[in-house]
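Spelled out from the first residue to the last, the chains are:
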Amino acid sequence: MFQKVLVANRGEIAIRLLRACRELGLQTVAVYSAAEKNAPHTRFADQAVEIGPAAPRDSYLHLPNILAAARATGADAIHPGYGFLSENAACAEAITAAGLTFIGPPAAAIRAMGDKAQAKNTMRAAGVPTLPGAENLASESEFNEAAERIGYPVLVKAAAGGGGKGMRVVRSAPEMTPALEAARRESQNAFGDEHLLLEKFIEPAYHIEFQVFGDQHGHLVHLFERECSVQRRHQKIIEESPSPRLTPELRERMGAAAVKAAQAVGYTNAGTVEFIFDARSGEFYFLEMNTRLQVEHPITEALTGLDLAQWQLRAAAGEPFPYRQTDLTQRGHAIECRLYAEDAAAGFLPSTGKILQFHAPGGPGVRVDAGIETGLEVSHFYDPLLAKVIVSAETREAALRRMQAALSETVLHGVASNLDFLQALLAHPAFAQGQIHTRWVETEFHWPPALPPLTALVAAALAESVSGVPQPAKNAEANPFSPWKSTNGFRN
Amino acid sequence: MKIQFEHLTHPYLLDLTVSGQTATAACNGETAAIEILRAENGRLDLRVNGQLISAHISSEGHRRWVTIQGRTFLLTRTDGLAPRARPATHGASELTAPMPGLVRAVQVQVGESVSQGQTLLIVEAMKMELKVCAPCAGTVKSLKIQPGATVERDQILAEIE
């Protein structure tokens, strides 16, 4: 086992990983950018090293500085967390070449899954279901023939694509011509390339992913699914497990496919195989594999009783994973809500500022992984994820009620968040019925922010007469009402 | 005492009378008898028309964050506040930052004529890029920022006339 782990990340995931290291008796090193000298994650480590300016490319993404920090502190392993360097094969190689342990899968597996087109071919060859599609089509008649073969609706997609640009849904043959023209034009403008490909369009689609875990001794299992269909702009908002959509039979088939997918690239450590699920046909298709620990890993931990972060460290140190597939079960139900710094009442635009009050919920079956605290400045440089609230209970109904109670205990002031939006989502009958597909939030959910009740106005008015109302320490703005502006430096 | 608030651009006029630990409040025809039970550390325990209610409050200039029964409201005190200052720019149209962030790119120059909807700048925050487009056709009268600048929400970025 290595002795000292450097966590090359920030926010809630850095804290989560530093805790895992500490529980295993490992020494820890945190890193931070110049903008995060006082960030909570820096205090969860034995040592903390500044690795550059605020912009991620100069700090959290800048491997030379991270390697220098590892050398300076004598760290012998690096955990990349998620995002930043976690899915960069060249970085994993450079870390290993520097004589350190990279806590994650082999670089070759990261690379094999990183190229999405190549990954799809690898999966197809391994017998993992992939979305029916067609490439290298030229004439319009070729597109029409391929569409007939795949079956409508189909998606015309820029081969060089990404970000939803150069994509058109075609529901019947007459729609093909205008769709090809529009997609070509968009693709040419966005990517300087007008090659298009065709893919089966699934609607409604559900996003169901499987956690996999492998040790370095050829043993690999899946740790069941996570239902992640509650999304907005392809960003997950709420995840749960088990999925309300899966039967035991489907779960077994998808789990086996996930294991096959991971084995096909020689995978070890924690990873996630994402599938698109077509509820109408009951078919599922490989989407991509995330070669890292996921944001939503806590719901799997809640259901299986395993500590995935600790197992990442143990497996990276060569320890065999002792559980066979048949040893593993899902117990109860778990839900995660992501608290984002985005203004749900103003088009979900990112929101920044100083956190004036933050109270996390508590009680049985409630876990909070937070990267924030009162007084912290939330900057525009980093991810909008502020905290995750995870609950587990005996049944889905009980877990839902527990989450609603937990969110109503949560207080977050100073930065606009999606807290009330999450509550509205959870309260919607479609959520209770487990009916939410990946485009539901954008196409069917209308959320009018609540109007303030009289009591809220009264509380706001009484703020003047209450002692110790949290406010920013700096008070640059002239405030004609503030009775405590000049005298009160209180912050809690 | 009359106190004026704004919530998502809607005005609210609160009539509040405080006397020791009790108060009466009225707004939009609704009234409440309030007892202030406890007030400390940003928390306010009230009895409103006989019902116990706990509120969390924070202040930030004119802004009041209130969480009550699991809902959070951001209210702005608008009494005594001058209407939002608008410099006299004689028909020039101001372009403001839709969100706080970093100016990634400035795609026009002063004096350039632009068409309605043309992308003038790109602002980035939290891994999200947002185009700032011309609200009308015209000429770029001034640019207030350079690429790489950090901007606040509603900060003026450029003027078009």
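Rules and cut-offs
- Residues numbered from 1 in each chain as written.
- Chains lettered and ligands numbered in written order.
- Predicted model: local features only at pLDDT ≥ 70, side-chain atom pairs only at ≥ 80, totals over all residues.
- Heavy atoms only, no water.
- Contact = heavy atoms within 4.5 Å.
- Buried area = accessible area lost by both parts, 1.4 Å probe.
- Salt bridge = Lys/Arg side-chain N within 4 Å of Asp/Glu carboxyl O.
- Domains from an automatic or database assignment.
- Phe/Tyr/Trp six-rings, centres within 6.5 Å; stacked < 30°, edge-to-face > 60°.
- Helix = DSSP H or I, 4+ residues; strand = E, 2+ residues; numbered from the N terminus.
- Buried < 20%, exposed > 50% of the residue type's maximum accessible area, 1.4 Å probe, protein only.
- Polar contact = N/O pair within 3.5 Å; in protein donor to acceptor, adjacent residues only side chain to side chain.
- Nonpolar A, V, L, I, M, F, W, Y, C, P; charged D, E, K, R; others polar.
- Pairing = 2+ DSSP bridges.
- Axes fitted to C-alpha atoms, helices over the stretch in contact; angles between N-to-C directions.
- Parallel < 35°, antiparallel > 145°, perpendicular 65-115°, else oblique.
- Left-handed = near helix turned anticlockwise from the far one by under 90°.
- Core = buried A, V, L, I, M, F, W, Y, C linked by side-chain atoms within 4.5 Å.

For the rest of this paragraph, the subject is the interface of chain A and chain B. Listed by partner, the interface residues are 60 residues for chain A and 59 residues for chain B. Summed over both sides, the interface between chain A and chain B buries roughly 4800 Å², with carbon and sulfur atoms accounting for 68% of that surface. Run the count over chain A and chain B and you get one salt bridge. Two residues, Arg153 of chain B and Asp343 of chain A, come together in a salt bridge whose shortest N-O distance is 3.4 Å.

Domain assignment breaks chain B into domain 1 (2-77) and domain 2 (93-160). Distance from the C-alpha centre of domain 1 of chain B to the C-alpha centre of domain 2 of chain B: 38 Å.

On to the packing of aromatic side chains, then. All names here are of chain A. Scanning the model with the defined rule gives 13 aromatic pairs over all chains in all. Measuring from centroid to centroid gives 6.2 Å for Phe210 and Phe275, while their planes differ by 75°, and the two rings are edge-to-face. Of this pair, Phe210 sits in strand S10 (residues 205-214) while Phe275 sits in strand S13 (residues 269-278), placing them 65 residues apart in sequence. Classification of Phe275 as buried rests on a relative accessible area of 0%. Their ring planes at 50° and their centres at 6.1 Å tell us that Phe381 and Tyr382 sit as a pair that is tilted.

Quick look at the domain arrangement of chain A now. All names here are of chain A. In terms of domains, chain A is made up of domain 1 (4-103), domain 2 (133-200), domain 3 (205-443) and domain 4 (454-492). Once you take the C-alpha centre of each, domain 1 and domain 3 turn out to be 23 Å apart. Counting from both sides, the interface comprises 32 residues of domain 1 and, opposite them, 28 residues of domain 3. Both sides together, the interface formed by domain 1 and domain 3 hides about 2200 Å², and carbon and sulfur atoms give 61% of it. Viewed at the interface, domain 3 and domain 1 are joined by five salt bridges. Residues Arg16 and Asp307 are paired through a salt bridge, measuring 2.9 Å at the closest nitrogen-oxygen approach. There are eleven residue pairs in polar contact (both at pLDDT 80 or more) connecting domain 1 and domain 3. Ranked by the residues each element gives to the side of domain 1 that touches domain 3, the list is headed by helix H1 (residues 11-23), at nine residues. Here the residues of the side of domain 1 that touches domain 3 sort into 17 nonpolar, eight polar and seven charged.

The subject of this paragraph is the pairing of strand S4 (residues 30-40) of chain B. Residues and elements named next belong to chain B. The sheet contact formed by strand S3 (residues 22-27) and S4 spans six bridges and is antiparallel. Paired with Ala23 across the strands is Ile34, a residue of S4. Linking S3 to S4, which pair antiparallel, is a turn of two residues; within it Asn28 sits at a positive phi near 50°. Connecting S4 to the next strand, strand S5 (residues 43-48), in antiparallel fashion are two residues, including Asn41 with a positive phi near 50°.

For any two helices packed against each other, the geometry comes down to the angle between their axes and how far apart the axes lie. Residues and elements named next belong to chain A. One can describe the packing of helix H11 (residues 396-409) onto helix H12 (residues 419-427) by two numbers: an axis separation of 10 Å at closest approach and a directional angle of 160°. The orientation of H11 relative to H12 falls into the category roughly antiparallel. Both H11 and H12 take part in a crossing whose hand is left-handed. In contact with Leu400, Met403, Gln404, Leu407 and Ser408 of H11, H12 contributes Leu419, Leu422, Gln423, Leu426 and Ala427.

Residue and element names in this part refer to chain A. Among the nonpolar cores identified, the biggest contains 40 residues, and Ile238 and Leu425 are the most heavily contacted of them. Secondary-structure elements contributing two or more residues to this core are strand S12 (235-241), strand S15 (333-340), strand S22 (385-393), H11, H12, helix H13 (429-432) and helix H14 (440-443). If you look at the next biggest cluster of nonpolar residues, it comprises 33 residues, including Val7, Leu18, Ala20 and Phe224.

Bringing the pattern of salt bridges into the picture now. Residues and elements named next belong to chain A. If you walk through the whole model with that rule in mind, you get 37 salt bridges over all chains. The closest approach of N and O atoms between Glu301 and Arg16, which form a salt bridge, is 2.9 Å. Of this pair, Glu301 sits in helix H9 (residues 297-304) while Arg16 sits in helix H1, and the two are 285 residues apart along the sequence. Each member of the pair, Glu301 together with Arg16, is buried.

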